[in-house]
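# Fold and geometry: a report
Okay, here's what each chain looks like letter by letter:
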Amino acid sequence: LSLDFDDFELVPAAEGVNPLPFAKFDEGTVSTATGGNWIYDWDDAPGTSFELVTPGHGGAGFAARVAGTFDPMSSSRLQANFKRDESPTDVRTYAGIRFWVRGDGLFQLQTIQPTISDWDNYSSETFPATPEWKQITIWFKDLKQAGWGVVTPLTLNALTGFLMNLAPTIGYPPRPPGGL
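Here we summarise the structure given alongside this text. None of the values given here were measured: they were computed from a predicted structure. (Residues numbered from 1 in each chain as written. Predicted model: local features only at pLDDT ≥ 70, side-chain atom pairs only at ≥ 80, totals over all residues. Heavy atoms only, no water.)

### Description of the sheet that holds strand β11 (residues 161-167)
The strand order across the open sheet built from five strands is β3-β6-β11-β8-β9, with neighbouring strands paired in antiparallel fashion. What marks the edges here is a single partner per strand, and that holds for β3 (38-41) and β9 (127-128). Pairing of strand β8 (residues 106-112) with β11 involves seven bridges; the strand directions are antiparallel. For I112, the partnering residue across the bridge sits in β11 and is G161. (Pairing = 2+ DSSP bridges. Helix = DSSP H or I, 4+ residues; strand = E, 2+ residues; numbered from the N terminus.)

This is the structure in structure tokens:
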């Protein structure tokens, strides 16, 4: 697994309003424009690491990289908090989030909503990364709960952040013809 992320911005819901550059990493820091920070949890994936690497998207600055080896039971999360104290933030003036990604692996964005306590967070589809930088836009209206937890409305007026669930690209195992 090796995934690089860069140039996160919140996409405004209203026409004619500029996006909010949420995190660019170009200063070599993991701070967000809303006063929060990025954290990486590798307790479940000890063979992975998080670091800022250069160059980032566009050939300058930094990008956030998660890389390493996963076993089949590993999971990994790159989390962005809107505020350092993880208090809720109102993002109703935004329609989605846009960012650049490259690498080898899969990722899924999930919102962090304090009213959801069973980990059935609102999530995007799972995306594969490519070796070249690719821009991804995730619209909040397209996020869904997986359905295994308690159904809870999405509260864009009270989110504490979002996280990227990361996984290695998994191919189909080789099967002998008699195994069909």
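Having seen the structure, we can now continue with the description.
### Brief notes about the side chain of T32
Take T32: it is sitting in the loop between β2 (20-23) and β3. Here T32 falls in the buried class, since its relative accessible area comes to 9%. Within the structure, the side chain of T32 is placed 2.8 Å from the backbone nitrogen of G36, a separation counted as a polar contact. What T32 contacts, discounting residues up to four positions off in sequence, is F22, N37, W38, N81 and F82. (Buried < 20%, exposed > 50% of the residue type's maximum accessible area, 1.4 Å probe, protein only. Polar contact = N/O pair within 3.5 Å; in protein donor to acceptor, adjacent residues only side chain to side chain. Contact = heavy atoms within 4.5 Å.)

### So, unusual backbone geometry
The residue after T54, namely P55, is reached through a cis peptide bond having omega 0°. Here P55 is to be found in the loop between β4 (48-53) and β5 (63-68). Even without being a glycine, F25 presents a positive backbone phi close to 65°. Relative to the assigned elements, F25 resides in the loop between β2 and β3.

### A word on the pairing of β5
Bridge analysis of strand β1 (residues 2-12) against β5 gives four bridges, and the strand direction is antiparallel. In the sheet register, L3 faces β5, and the bridge partner there is V66. One ladder, built from six bridges, connects β4 with β5; its direction is antiparallel. Counted as the bridge partner of L52 is A64 from β5.

### Regarding the packing of aromatic side chains
Applying the stated criterion across every chain yields a total of 16 aromatic pairs. For the ring pair F22 and F82, a centre distance of 5.6 Å and an interplane angle of 75° mean the geometry is edge-to-face. Taken as a pair, F22 in strand β2 and F82 in the loop between β6 (76-81) and β7 (94-104) lie far apart in primary sequence, 60 residues in all. Across the pair, F82 and F22 agree in class, each one buried. Taking 6.0 Å as the distance between ring centres and 25° as the angle between the ring planes, the aromatic pair formed by Y40 and F50 counts as stacked. Here Y40 is found in strand β3, whereas its partner F50 is found in strand β4, with 10 residues between them in sequence. (Phe/Tyr/Trp six-rings, centres within 6.5 Å; stacked < 30°, edge-to-face > 60°.)

### Topic: the side chain of Q110
Take Q110: it is sitting in strand β8. Polar contacts involving the side chain of Q110 include one to the side chain of S123, which spans 3.0 Å.

### Comments concerning the environment of D6
Mapping D6 onto the fold places it in strand β1. Using a relative accessible area of 0% as the deciding quantity, one classes D6 as buried. Distance from D6 to W133, taken between C-alpha atoms, is 9.3 Å for residues 127 residues apart in sequence. Sequence-distant contacts of D6, defined by excluding residues within four places in its chain, comprise K24, F25, D26, G56, H57, F62, A63, F99, W100 and W133. Within the structure, D6 has its side chain in polar contact with the backbone nitrogen of H57 (distance 2.8 Å).

### Focus: the pairing of β3
Moving residue by residue along a regular strand, the side chains alternate between the two faces of the sheet. Residue alternation in β3 divides its side chains into a buried set, W38 and Y40, and an unburied set, I39 and D41. One ladder, built from four bridges, connects β3 with β6; its direction is antiparallel. The residue bridging W38 from the neighbouring strand is A80, located in β6.

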